[in-house]
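Architecture at a glance
So the chains spell out like this:
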Amino acid sequence: MKTLLFLSTLLISLSTFASEVSGELFYTMPNGKLVNRSVTLTVPARGQGEVKLSGEKFNWSTDNFWSEQVNSETIFYAVFKTSFMNFKSTIALKGTYIKANNTIMYYGNMYKKSGHHEVNKNISDFKFSGGFNFIFDR
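Residues numbered from 1 in each chain as written. Predicted model: local features only at pLDDT ≥ 70, side-chain atom pairs only at ≥ 80, totals over all residues. Heavy atoms only, no water.

1. Observations regarding the layout of surface pockets
There is about 920 Å³ of room inside the largest pocket. Forming the walls of the largest pocket are 23 residues, and the residues nearest its centre are Tyr-27, Arg-37, Trp-60, Phe-84 and Lys-112. Elements that contribute at least two residues to the lining of the largest pocket include exactly strand 1 (19-28), strand 2 (34-43), strand 4 (58-62), strand 6 (73-84), strand 7 (87-99) and strand 8 (103-114). Among the elements that make up the lining of the largest pocket, the one with the highest residue count is strand 7 (four residues). Of the residues contributing to the lining of the largest pocket, the split by class is ten nonpolar, eight polar and five charged. (1 Å grid on protein atoms, 1.4 Å probe; cavity = no way out; pocket = protein on both sides within 12 Å on 5 of 7 lines; lining within 4 Å. Points joined across faces, edges and corners; volume = space filled by probe spheres on them. Helix = DSSP H or I, 4+ residues; strand = E, 2+ residues; numbered from the N terminus. Nonpolar A, V, L, I, M, F, W, Y, C, P; charged D, E, K, R; others polar.)

If you want it as structure tokens, here you go:
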């Protein structure tokens, strides 16, 4: 059974239903231009189910997510297998969150590896590709 402290904490704070959080991905294009993409992160109730990330032209989902505690900080991970124009990649989000009375903010880095890969809680061979930021107003 997967235990994900990040999702448990989020869901206790929000509700017992799946929650959608608006945000953005940002990364550098091959031509060197920095781009921002508006996206929505959907987290499952009680950490049971799939994490979904969707944008204007994509919809990713995964049940490969987990968290760990590092120096009192909860680090969370979500790994997606993606495809775009016959190119397959594995994308990993690694980040943390700040919880306040009025807002919960999620932020972190995005990593990429060519091809579809099984990931067992180790993204050390992925390459940095950008970041993300999500804000949920309570």
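Having put the structure on the table, let's press on.
2. Points about the sheet that holds strand 6
One open sheet holds the nine strands; their spatial order is 4-3-2-1-9-8-7-6-5, and the pairing between them is antiparallel. Two strands lie at the open edges of the sheet, namely strand 4 and strand 5 (65-70), each paired on one side alone. Neighbour-to-neighbour, the strand axes of this sheet turn through a mean angle of 25 degrees, independent of strand direction. (Pairing = 2+ DSSP bridges. Axes fitted to C-alpha atoms, helices over the stretch in contact; angles between N-to-C directions.)

3. Re the packing of aromatic side chains
Here the structure, examined in full by the defined rule, presents seven aromatic pairs. Between Trp-66 and Tyr-77 the ring centres are 4.8 Å apart and the planes differ by 10 degrees, which places this aromatic pair in the stacked class. A residue pair is termed long-range when its members are at least 10 positions apart, and Trp-66 in strand 5 and Tyr-77 in strand 6 qualify at eleven residues. Its relative accessible area of 9% is what places Tyr-77 among the buried residues. Taken together, the ring pairs in this structure connect Phe-76, Tyr-106, Phe-132 and Phe-134 into an aromatic cluster. (Phe/Tyr/Trp six-rings, centres within 6.5 Å; stacked < 30°, edge-to-face > 60°. Buried < 20%, exposed > 50% of the residue type's maximum accessible area, 1.4 Å probe, protein only.)

4. A word on the side chain of Thr-103
Within the element layout of this structure, Thr-103 appears in strand 8. Residue Thr-103 is classed as buried on the basis of its relative accessible area of 18%. At a separation of 3.2 Å, a polar atom in the side chain of Thr-103 contacts the side chain of Asp-137. Among all residues touching Thr-103, those that are not within four sequence positions of it are Ile-98, Ile-135, Phe-136, Asp-137 and Arg-138. (Polar contact = N/O pair within 3.5 Å; in protein donor to acceptor, adjacent residues only side chain to side chain. Contact = heavy atoms within 4.5 Å.)

5. Things to note about the pairing of strand 3 (residues 51-55)
Pairing of strand 2 with strand 3 involves four bridges; the strand directions are antiparallel. When the bridges of strand 3 are listed, Thr-40 appears paired with Ser-54. Judged from the five bridges that link them, strand 3 and strand 4 form a sheet pairing that is antiparallel. Opposite Val-51, over in strand 4, you have Thr-62 as the bridge partner. The hairpin turn running from strand 3 into strand 4, its antiparallel successor, is two residues long.

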